[in-house]
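The lines below spell out each chain.
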Amino acid sequence: TYVGGDWNDKISSIKIEASGVTRLGGVYKIKGHNGKYLDLDGNSNAANAAIVQYDNEGLEIYQHWQLVEVGTGVYSIKAVSNTSRGWDVYYGKVENRTQVLLYDYNGGANQQFIAVKRGDYYQFVARHCGKVVEIPDFSTQNGEWIKLYDNNNQTCSYWQLEKSKPSGVPISTVYDDSNYGGASLGLPEGEYTSNSLRIFGFNPGIMTSAKILPGYRMTLYSEDNFTGNTKIIDANTSYVG
């Protein structure tokens, strides 16, 4: 980019900072340009677990990722199955083909990724070095690791963000704040564990109020998998915590 005109020979200081696409925070499946989805190898939440591409497995929790905005268009990308761990560039290296894997989140620049818009896709630029996360050599093989590479605008570094939604007509809405405020999620008739609520982008541990249509009832459980103490609400007794 040419800097000239009124600025020619007049620059005395420079500031360089990350500036990506903002307001992308949420839970997503991440789909590559080749149609494969990012997954945890062997459904492992362990530190140093490989992040791989795999066929679409629908609502499986290990194919869901939480983007948390930590700067202007800069994100930590955490595993929904274990939000204390997220994407990490191995030992903060900068060489091409360095693996990006799952590790305990500590806020380092090698765990932060700038979202750059590319049409209907995004690139994820590693903040510590400017290289992008890609599928090496345009591979379509299940189990291929994601790695860093120079940003040549290559399509194997293009990713789509897809939100999972409950299937069916919502007959109840749950909210994270009292008096039906804050983040909300519409739910059709069905059963929802903590994991299924998380992949829809709702943290069940902070639910505070709910609404339900006449003719239905909602049973709340204090423990996961429909165990523990219960509370039943209907259209006349919608719960406000």
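Here the structure is shown first, and the text comes after it.
A. View of the packing of aromatic side chains. Using the criterion set out here, one finds 7 aromatic pairs in the structure. Ring geometry for Trp65 and Trp87: centres 6.1 Å apart, planes at 75 degrees, overall edge-to-face. Taken as a pair, Trp65 in strand E4 (residues 65-71) and Trp87 in strand E6 (residues 82-89) lie far apart in primary sequence, 22 residues in all. Pair check on accessibility: Trp65 and Trp87 agree, each one buried. Aromatic side chains Tyr90 and Tyr91 sit 4.6 Å apart centroid to centroid with 85 degrees between the ring planes, which places their arrangement in the edge-to-face category. Put simply, the rings of Trp65, Trp87, Phe113 and Phe124 touch in pairs and so form one group of aromatic residues. Taking the ring centre of Tyr122 as reference, the NZ or CZ of Lys117 above it sits at 5.0 Å. One cation-aromatic arrangement involves Lys211 over Tyr180; the distance from NZ or CZ to the ring centre is 4.5 Å.

B. Looking closely at the sheet that holds strand E13 (residues 172-177). Strand order in the open sheet made by the 3 strands is E14-E13-E15, with antiparallel pairing throughout. Edge positions in the open sheet fall to strand E14 (181-187) and strand E15 (209-212), since each of these has one partner strand only. Taking each pair of neighbouring strands and ignoring which way they run, the sheet shows an average axis angle of 20 degrees. With 4 bridges connecting them, E13 and E15 associate as antiparallel partners. Bridged to Tyr175 within E15 is Ser209.

C. Quick peek at the environment of Thr140. Residue position: Thr140 is located in the loop between strand E10 (132-134) and strand E11 (147-149). According to the relative accessible area criterion, Thr140 is exposed, its value standing at 53%. C-alpha separation for the pair Thr140 and His33, spaced 107 residues apart in sequence, amounts to 9.9 Å.

D. Spatial organisation of the pairing of strand E16 (residues 217-223). Taken together, the 6 bridges between E16 and strand E17 (residues 227-234) define a ladder with antiparallel strand orientation. If you follow Met218 over to E17, its bridge partner there is Ile233. Counting the residues between successive antiparallel strands, the hairpin from E16 to E17 contains 3 residues, one of them, Asn225, with a positive phi of roughly 60 degrees.

E. Here's a closer look at unusual backbone geometry. Here the phi dihedral of Asp9 falls at roughly 60 degrees; this positive angle occurs in a residue that is not glycine. Relative to the assigned elements, Asp9 resides in the segment before strand E1 (26-32). Relative accessible area serves as the criterion here: at 74%, Asp9 is assigned to the exposed category. Positive phi, normally seen in glycine, also occurs at Asn225, with a value near 60 degrees. Among the structural elements, Asn225 can be located in the loop between E16 and E17. Overall, Asn225 belongs to the exposed group, its relative accessible area being 52%.

Analysis parameters
Sequence order as written defines residue numbering, which begins from 1 separately in each chain. Given that this is a predicted model, residues contribute local features only at a pLDDT of at least 70 and side-chain atom pairs are listed and counted only at 80 or more, while totals for whole chains, interfaces and linings are drawn from all residues. To get the side-chain values, take all heavy atoms of the structure and skip hydrogens and water. Planes of paired rings set the category: under 30 degrees apart is stacked, over 60 is edge-to-face and the rest tilted, where pairs are Phe, Tyr or Trp rings (Trp by its six-membered ring) whose centres lie within 6.5 Å. Each helix is a run of DSSP H or I of at least 4 residues and each strand a run of E of at least 2, with the numbering of both proceeding from the N terminus. Partly exposed describes any residue whose relative accessible area lies between the buried limit of under 20% and the exposed limit of over 50%, with all areas from a 1.4 Å probe on protein chains only and scaled to the type maximum. Note on criteria: charge over ring means Lys NZ or Arg CZ within 6 Å of the ring centre, with the direction from the centre no more than 35 degrees off the ring normal. Strand pairing is assigned whenever DSSP detects at least two bridges linking the two strands. Axis lines are fitted to C-alpha atoms, over the contacting stretch for helices. Their N-to-C directions set the angle, which ranges from 0 to 180 degrees.

On their own, these measurements won't tell you what the molecule is for.
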